[in-house]
Amino acid sequence: MSDASRPLPATVTVRLPDAEGNPGPPEAVPAVQKSDAEWRAELDPDAYRVLRAAATERPFCGRLLDQKSPGLYVCAGCGLPLFTSRHKFESGTGWPSFFAPFAPENVAEDRDESHGMVRTEIHCARCGGHLGHVFDDGPRPTGLRYCLNSVSLEFRPFSGSRT
Ligand code: FE
């Protein structure tokens, strides 16, 4: 479907985490581009359906919904840091929710007119994997609500006791 075939430039500008888990400076890195067959072979079926075919998982069953430990949420397709525990909040929607991305460069947006709605789709800037949507009914300070599918993310705890 549309997301699986999203064309990516050869290089993309993203921010990688520094030793404190904060976004480092913008840097150009190669985009991660794989064939549909390669993604199918690499991802488990649930992650493939979300990341490469833009499916949405059922609410209140994702494995990261109740994750409250300090850490980074990285792309399940390519490992790029996308969100952090510092911006996670309880939205009540049943999906993991954040009020900001790890870095704006890392989470790209597209207009999504599927299912009779106009929404803003979010995807990984490095591999194009579908993540979820962003809405403008979030909490302060951004007023944004990034609504995520758990299977599109992997949780990486910060090392040590740093919060
Ligand atoms: Fe990715």
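In the block above lies the structure referred to throughout.
Residues numbered from 1 in each chain as written. Predicted model: local features only at pLDDT ≥ 70, side-chain atom pairs only at ≥ 80, totals over all residues. Heavy atoms only, no water.

### Some thoughts on the sheet that holds strand β4 (residues 81-84)
Line of reasoning, step 1. Judged by pairing direction, the sheet is antiparallel, and its three strands sit side by side in the order β4-β3-β11 without closing on themselves. Looking at the sheet topology across the chains shown, the edges are occupied by β4 and β11 (153-157). Adjacent strand axes in the sheet meet at a mean angle of 30 degrees when their direction is disregarded.
Line of reasoning, step 2. Sheet analysis places strand β3 (residues 71-75) next to β11, joined by five bridges and oriented antiparallel. If you follow Leu-72 over to β11, its bridge partner there is Arg-156. (Pairing = 2+ DSSP bridges. Helix = DSSP H or I, 4+ residues; strand = E, 2+ residues; numbered from the N terminus. Axes fitted to C-alpha atoms, helices over the stretch in contact; angles between N-to-C directions.)

### Some remarks on the pattern of salt bridges
Line of reasoning, step 1. In the structure shown here, the tally under the stated rule is eight salt bridges.
Line of reasoning, step 2. Where Glu-42 meets Lys-34, a salt bridge forms, and the shortest distance between an N and an O atom there is 2.7 Å.
Line of reasoning, step 3. With relative accessibility at 43%, the residue Glu-42 sits in the partly exposed group.
Line of reasoning, step 4. Residue classification places Lys-34 among the partly exposed residues on the basis of a relative accessible area of 29%.
Line of reasoning, step 5. Note that Glu-154 is salt-bridged to Arg-156, the shortest N-O span being 3.5 Å. (Salt bridge = Lys/Arg side-chain N within 4 Å of Asp/Glu carboxyl O. Buried < 20%, exposed > 50% of the residue type's maximum accessible area, 1.4 Å probe, protein only.)

### Re the nonpolar core
When a protein is soluble and globular, its nonpolar side chains tend to lie buried together.
Line of reasoning, step 1. The biggest cluster of nonpolar side chains holds 33 residues, and the ones touching the most others in it are Leu-82, Phe-83, Ile-122, Tyr-146, Leu-148 and Leu-153.
Line of reasoning, step 2. Those elements giving two or more residues to this core turn out to be β1 (11-17), α2 (45-51), β3, β4, β8 (119-124), β9 (130-135), β10 (145-148) and β11.
Line of reasoning, step 3. Here this core takes four residues from α2, the largest share from any one element.
Line of reasoning, step 4. When near neighbours in sequence (up to four residues on either side) are disregarded, Phe-83 contacts Leu-72, Tyr-73, Phe-98, Ala-100, Pro-101, Phe-102, Val-107, Ile-122, Tyr-146, Leu-148 and Leu-153.
Line of reasoning, step 5. Within the second largest apolar cluster, five residues are counted, among which are Leu-72, Val-74, Phe-102 and Ala-103. (Core = buried A, V, L, I, M, F, W, Y, C linked by side-chain atoms within 4.5 Å. Contact = heavy atoms within 4.5 Å.)

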